[in-house]
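Structural characterization, general
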Amino acid sequence: MEQRDFAVLVVGAGASGLGAAIRLSRAGAGDLAVLEKAGALGGTWRDNTYPGCACDVPSALYSYSFAPNPEWTRAFAGQAEIRAYLQDTATRFGVTEKIRYGVEVTRAQWNPRESRWELETSQGPYTARILVAGTGPWHEPLIPDLPGLAGFPGEVFHSARWNHGYDLTGRRVAVIGTGASAVQFVPEIVPRVGRLHLFQRTAQWVLPKPDHSVPGVERFLLRRFPALQAALRAAEYGLMETLGFGFRHPWLLRQVQKIGLAHLRRSVRDPVLRKVLTPDYTLGCKRLLMSNTYYRALTKSTVDVHGTAVRAVAGRRVLGADGTVAEVDAIIFGTGFHILDMPVSARVFDAEGRSLDDHWKGSPQAYAGTTVAGFPNLYLLLGPSLGTGHSSAFTIVEAQLRHTVAAVTRTLRSAGTSLAVRPEVQAAFDAEVQAALPGTVYQSGGCSSYYTDVNGRNSFSWPFSTGRLRSRVGQFREADYEITTS
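What counts as what
Residues numbered from 1 in each chain as written. Predicted model: local features only at pLDDT ≥ 70, side-chain atom pairs only at ≥ 80, totals over all residues. Heavy atoms only, no water. Helix = DSSP H or I, 4+ residues; strand = E, 2+ residues; numbered from the N terminus. Rg over C-alpha atoms; globule rule 2.2 N^0.38 Å. Buried < 20%, exposed > 50% of the residue type's maximum accessible area, 1.4 Å probe, protein only. Salt bridge = Lys/Arg side-chain N within 4 Å of Asp/Glu carboxyl O. Core = buried A, V, L, I, M, F, W, Y, C linked by side-chain atoms within 4.5 Å. Contact = heavy atoms within 4.5 Å. Disulfide = S-S within 2.5 Å. Expected span 1.5 Å × (residues − 1). Arc of directions from axis to C-beta. Phe/Tyr/Trp six-rings, centres within 6.5 Å; stacked < 30°, edge-to-face > 60°. Pairing = 2+ DSSP bridges. Axes fitted to C-alpha atoms, helices over the stretch in contact; angles between N-to-C directions. Lys, Arg positive; Asp, Glu negative; His and termini not counted. Polar contact = N/O pair within 3.5 Å; in protein donor to acceptor, adjacent residues only side chain to side chain.

**Some points on the overall build of the protein chain**
Of the regular secondary structure elements, the protein chain holds 14 helices and 20 strands. Computed over its C-alpha atoms, the radius of gyration of the protein chain comes to 23 Å, within 12% of the 23 Å expected for a compact globule of 486 residues. Across its three principal directions, the C-alpha atoms of the protein chain cover 70 × 55 × 45 Å. In the protein chain, which comprises 486 residues, the proportion classed as buried is 55%.

**Observations concerning the pattern of salt bridges**
This model, assessed by the stated rule, comprises 19 salt bridges. Of the charged contacts, one joins Arg100 and Glu2 as a salt bridge, the two residues approaching to 3.5 Å between their closest N and O atoms. Remark: Glu2 occurs in the segment before strand S1 (5-11) and Arg100 occurs in strand S3 (residues 99-101); sequence separation between them is 98 residues. Put simply, Glu36, Arg46, Asp47 and Arg161 are held in one network by salt bridges that share partners.

**Some points on the nonpolar core**
Core analysis: the largest hydrophobic core is formed by 112 residues, its most contacted members being Val8 and Val175. Of all the elements, helix H11 (residues 393-412) adds the most residues to this core, at nine residues. Those residues in contact with Val8, other than ones at most four positions away along the chain, are Leu24, Ala29, Asp31, Leu32, Ala33, Ala128, Ile130, Val132 and Val408. Counting 25 residues, the second largest nonpolar core, distinct from the first, contains Val11, Trp117, Leu131 and Ala366.

**What about the state of the cysteines?**
Under the defined criterion, the tally for this structure stands at one disulfide. Cysteine Cys53 is unpaired, with the sulfur of Cys55 as its nearest cysteine sulfur at 9.1 Å. Under the relative-accessibility criterion, Cys53 is labelled buried at 9%. A relative accessible area of 3% means that Cys55 is categorised as buried.

**Observations concerning helix H12 (residues 423-436)**
Given a rise of 1.5 Å per residue, 14 residues ought to cover 20 Å, and the 20 Å separating the end C-alpha atoms of H12 matches this to within 8%. Every buried residue belonging to H12 is among Val425, Gln426, Phe429, Asp430 and Val433, and all of these are buried. Projected down its long axis, H12 shows its buried positions confined to an angular sector of 130 degrees, all on one face. Tucked into the core, H12 has its buried residues touching strand S19 (417-421) and helix H14 (466-474).

**Notes on unusual backbone geometry**
Even without glycine at this site, Leu382 takes up a positive phi of about 55 degrees. Of note, Leu382 is situated in the loop between strand S18 (378-380) and H11. One non-glycine residue, Ser385, adopts positive backbone phi at about 65 degrees. By the secondary structure assignment, Ser385 is in the loop between S18 and H11.

**Points about the packing of aromatic side chains**
Tallied over the full model, the rule gives 22 aromatic pairs. Aromatic pair Phe429 and Trp462: ring centres 6.2 Å apart, planes at 25 degrees, arrangement stacked. Residue Phe429 is located in helix H12, and its partner Trp462 is located in the loop between helix H13 (441-444) and H14; the two are separated by 33 residues in the primary sequence. Judged by relative accessible area, which is 2%, Trp462 ranks as buried.

**Quick word on the sheet that holds strand S13 (residues 310-314)**
The strand order S13-S14-S15 describes an open sheet built from three strands, whose pairing is antiparallel. With partners counted over all chains shown, the strands left at the sheet margins are S13 and strand S15 (325-327), one partner each. Going from strand to strand, the sheet's axes swing by 20 degrees on average, the running direction of each strand aside. Where strand S14 (residues 317-320) lies against S15, three bridges are found, and the strand directions are antiparallel. Residue pairing across strands places Leu319 opposite Val325, the latter belonging to S15.

**Regarding the side chain of Lys209**
As for its placement among the helices and strands, Lys209 is situated in the loop between strand S10 (206-207) and helix H5 (216-224). No salt bridge is formed by the buried Lys209, whose closest oppositely charged neighbour, Asp211, lies at an N-O distance of 5.0 Å. Leave out the neighbours within four places in its chain, and Lys209 touches Ala54, Cys55, Phe76, Gln184, Met290, Ser291 and Asn292.

**Re helix H1 (residues 15-26)**
Given a rise of 1.5 Å per residue, 12 residues ought to cover 16 Å, and the 17 Å separating the end C-alpha atoms of H1 matches this to within 8%. All of the buried residues along H1 are Ser16, Gly17, Leu18, Gly19, Ala20, Ala21, Ile22 and Leu24. For H1, the elements touching its buried residues are S1, strand S2 (32-36), helix H3 (79-92), S3, strand S6 (124-133) and H11. Positive backbone phi, approximately 105 degrees, marks Gly28, located one or two places after H1.

**Let's talk about the environment of Asn455**
Positionally, Asn455 belongs in the loop between H13 and H14. The partly exposed category is assigned to Asn455, whose relative accessible area is 48%. As a C-alpha pair, Asn455 and Ser391 span 64 residues in sequence and 26 Å in three-dimensional space. Within polar-contact distance, the side chain of Asn455 engages the backbone oxygen of Lys361 at 2.9 Å.

**Considerations on the pairing of strand S5 (residues 116-121)**
In the sheet, strand S4 (residues 105-111) pairs with S5 via six bridges, with the strands oriented antiparallel. Looking across to S5, one finds that Arg107 is bridged to Glu120. The loop that links S4 with its antiparallel partner S5 comprises four residues; one of these, Ser115, has a positive phi angle of about 50 degrees. Strand direction decides the pairing type here: S5 and S6, joined by five bridges, are antiparallel. Paired with Glu118 across the bridge in S6 is Thr127. The antiparallel pairing of S5 with S6 creates a hairpin that spans two residues between the two strands.

Here it is as structure tokens:
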């Protein structure tokens, strides 16, 4: 019969889940499986296939440190290359056979008598001593609850669920949302649509993107001399950390804004349109965007930029909050994801049957962004208070995995052992982060962003350097945990 009880279960086969499977397997946790609800691995790089989808972090940084990739064909890799990299890495490190596809976790609850997690899934029950959630915050699309949207007779989809079967040629299209995804797909679809109505609630800072193809000779040298690749990665890390210094000293970012304003002036000659596209907050307060084509696409005669939120949908008409009306055939949402209200938090329960949602009450908290008081042997990857505005998610995940692997290794040394972070340790970590946030651009930049939760608290951002994140989050201290042996 198929094995259903494991030492470790990892939920999700995206970048974080695969990294966990690789690191834990190499550390000796061989009794491990990865549960993936979809039919293929890749996570966000499997789901997001919209035109122009690419990374906004330099390729050399967007990889596991233990599996550098000398074959990136662009300085900022595209979606297909990143997904192929994840597939190749999973195969190379032997974790593909550990993945069970088509298994969606619907509920996970801690059983203190057995010291095990009991999971309900779409394919029946599973149990494990240790549960690692690699579901991530960029997973579940966020679609606004607009009055009248259900009655729209045309095509509706989110950028993360792109309908490639719908032909946009000659169509009247409304794009709602102007974040990282829209900045990439809007320039790609403008040449095809008949008319595009872009609804922009808030103007975004868009910097030039230093993207370029990587010549074959450069890839050969990186492949032949690994030290060169390590040097490139270190150099790009240093550049991004320099930018990150500005996130903690917003006056520096106001100098960087001059580059954004120059980019806008150079791309958009029309003063009226340029005014609509000019942000009124400090760069970095929202997610940093880069594009060499977005502004130019908005100057086309077939594009209307509406500097307003959307109020409702009435038949085929999209109604702006300022009275704007656009009659369209299709609506595309570029409105991001459930970042702080991740679906996994409603599916994971403590021994008393209280979910993570019940504990958090809208404001996620976790020690080192990784472990939660009251939830023994649970590890969250890309959890609360670890988001940076400038660096790679791989950097965050690898720091968490150093912590997680050390904790899991300690747990597996003796049967029935469970580790739960002490409540006072979690509270002290959270207080440390929250005390530092007001001085960052995330809090003082004068904008409203997805970093802020429903209670008005920033539950997303890390207010220190990435170096400090790597040392602080990556350190496992046994004294921080209550150790129970059943």
